[in-house]
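So you can see what is in the structure, the chains are spelled out below.
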Amino acid sequence: MKEKFTQAKIFSIAILLVLLMSFLVPAQAQYTQHYVPGVAGIKAGTLPPPGMYYIMHNVYYNAGTFNDASGNAAPIDFKLNVFSNVHRFVYVWEDVILGANYAMNLIVPLVSTDISIGAYNMSSNKFGLGDIVIEPFVLSWNRTRYDLAFGLAAIAPTGGFAIDEPASAGKGYWTGMLTFGGTYYFDENKTWTASVLSRYEIHSEQKDTEATAGNDFTFEWGLGKTIPSKQIWNVGFSGYAHWQVTEDKGGQLMYDLGVKDKVFAAGPEVDCFIPSAKLQMELRGLFEFGAVDRPQGALVCLTLIKAF
């Protein structure tokens, strides 16, 4: 094993496990990405048509394992439970720039986190406002056989953060986020789809620690089939992949900076759109695997999308 889980390391990881979300949220280890995936699925790369939308994501994440730098479960009696209730406000204007629709997003998460490490008799639980996502610039192109999306966002450290509270609702630093993705339709009726939505994050220095998290690259994917009826159903599989791409730096970090975390997830998804109510419901369950230097668990996400 490249590094040992000393008490100092475990405590550092717990302190920095400010598992929150910005665009949504289950949680993860030491300095992990600000954006936590799992809320975009079968048509991750497709934005809604012009109009106003209210979206509520309900995300539950559970992990009973923390994987070390070799990808093995550490014997530390690790337990993590996070529930996030996320409120997202979206407005889309038609054909504004370069033949694309223009949109803006505001995302406000409320997060409840409970974490414990039995090996060191450490536990923490908190509920509060998380870090708010402000996305003022989103472009989407909708064509016959494909959709494309591009966006720029900032994640603000609005959530409470304390260095001695591992379950803090905020991460204590700013993040700039670039988003790009799309959906491809395999048939003219758009009933078979494949989608990818990627995000690249750059983080500022964390409050009170003088440490800066490494840059992160994440993509969410989906494969689906549309089944039209009175309601419009989408069924399929979705998931995500994440890699830390640069090293953490600064502060008094007590772990091997050469080890970069990563994780993958996949699982089933079912969506239902009710035209008469202008309401869409999405339910997905994702199971993580291949985690390195971070928790490994499972996520359930229930999303409600209301058009006005």
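If you're wondering where the values come from, they're calculated on a predicted model, not measured in any experiment. (Residues numbered from 1 in each chain as written. Predicted model: local features only at pLDDT ≥ 70, side-chain atom pairs only at ≥ 80, totals over all residues. Heavy atoms only, no water.)

Trainee: Please set out the overall build of the protein chain residue by residue, giving values where relevant.
Mentor: On a plain count of helices and strands, the protein chain comes out with 1 helix and 15 strands. Per-residue burial over the protein chain gives 54% buried out of 308 residues. Total accessible area on the protein chain stands at roughly 12900 Å², and carbon and sulfur atoms take up 63% of it. (Helix = DSSP H or I, 4+ residues; strand = E, 2+ residues; numbered from the N terminus. Buried < 20%, exposed > 50% of the residue type's maximum accessible area, 1.4 Å probe, protein only. Areas by Shrake-Rupley, 256 points an atom, 1.4 Å probe, with all protein chains shown as cover.)

Trainee: So what's going on with a nonpolar patch on the surface? Which residues, and what values?
Mentor: A cluster of nonpolar side chains, Tyr60, Phe83, Ile227, Trp233, Val235, Val270, Leu283, Val300 and Leu302, forms an exposed patch at the surface whose accessible area comes to about 710 Å². Mapped onto the elements, Trp233 comes out in strand β11 (residues 232-244). Residue Trp233 is classed as partly exposed on the basis of its relative accessible area of 36%. (Patch = residues over 30% accessible without salt bridge, like charges linked within 9 Å, V, L, I, M, F, W, Y side chains within 5 Å. Salt bridge = Lys/Arg side-chain N within 4 Å of Asp/Glu carboxyl O.)

Trainee: Quick one: what's the story with the nonpolar core, residue by residue and with numbers?
Mentor: Of all hydrophobic cores here, the largest spans 29 residues; its most connected members are Tyr61, Ile76, Phe78, Leu80 and Leu299. Elements represented by at least two residues in this core include exactly β1 (51-67), β2 (78-97), β3 (100-117), β6 (146-156), β13 (262-274), β14 (279-292) and β15 (294-307). Membership of the second largest hydrophobic core comes to 10 residues, among which are Tyr53, Val90, Val138 and Ile305. (Core = buried A, V, L, I, M, F, W, Y, C linked by side-chain atoms within 4.5 Å.)

Trainee: Please set out the packing of aromatic side chains residue by residue, giving values where relevant.
Mentor: A full pass over the atoms with the stated rule returns 12 aromatic pairs. Aromatic pair Phe217 and Phe219: ring centres 6.3 Å apart, planes at 55 degrees, arrangement tilted. On the basis of relative accessible area, Phe219 is assigned to the partly exposed category, the value being 23%. Following the ring pairs from residue to residue traces out a cluster consisting of Tyr91, Trp93, Tyr102, Phe137 and Phe150. Across from the ring centre of Tyr185, 4.8 Å away, lies the NZ or CZ of Lys190, which sits over that ring. Residue placement shows Arg199 over the ring face of Tyr35; its charged tip is 4.2 Å from the ring centre. (Phe/Tyr/Trp six-rings, centres within 6.5 Å; stacked < 30°, edge-to-face > 60°. Lys NZ or Arg CZ within 6 Å of the ring centre and 35° of its normal.)

Trainee: Can you lay out the environment of Leu110 for me, pointing to particular residues and giving the numbers?
Mentor: In this fold, Leu110 is placed in strand β3. Residue classification places Leu110 among the partly exposed residues on the basis of a relative accessible area of 29%. What Leu110 contacts, discounting residues up to four positions off in sequence, is Phe83, Ser84, Asn85, His87, Phe127, Gly128 and Leu129. (Contact = heavy atoms within 4.5 Å.)

Trainee: So what about the side chain of Asn215? Which residues, and what values?
Mentor: Note that Asn215 resides in the loop between β9 (211-212) and β10 (216-228). Taking the relative accessible area as the measure of exposure, Asn215 reaches 16% and is therefore buried. Among the polar contacts listed, one links the side chain of Asn215 to the side chain of Tyr200, at a separation of 3.1 Å. If sequence neighbours within four positions are ignored, Asn215 has contacts with Tyr200, Glu201, Ile202, His203, Trp243, Gln244, Val245 and Thr246. (Polar contact = N/O pair within 3.5 Å; in protein donor to acceptor, adjacent residues only side chain to side chain.)

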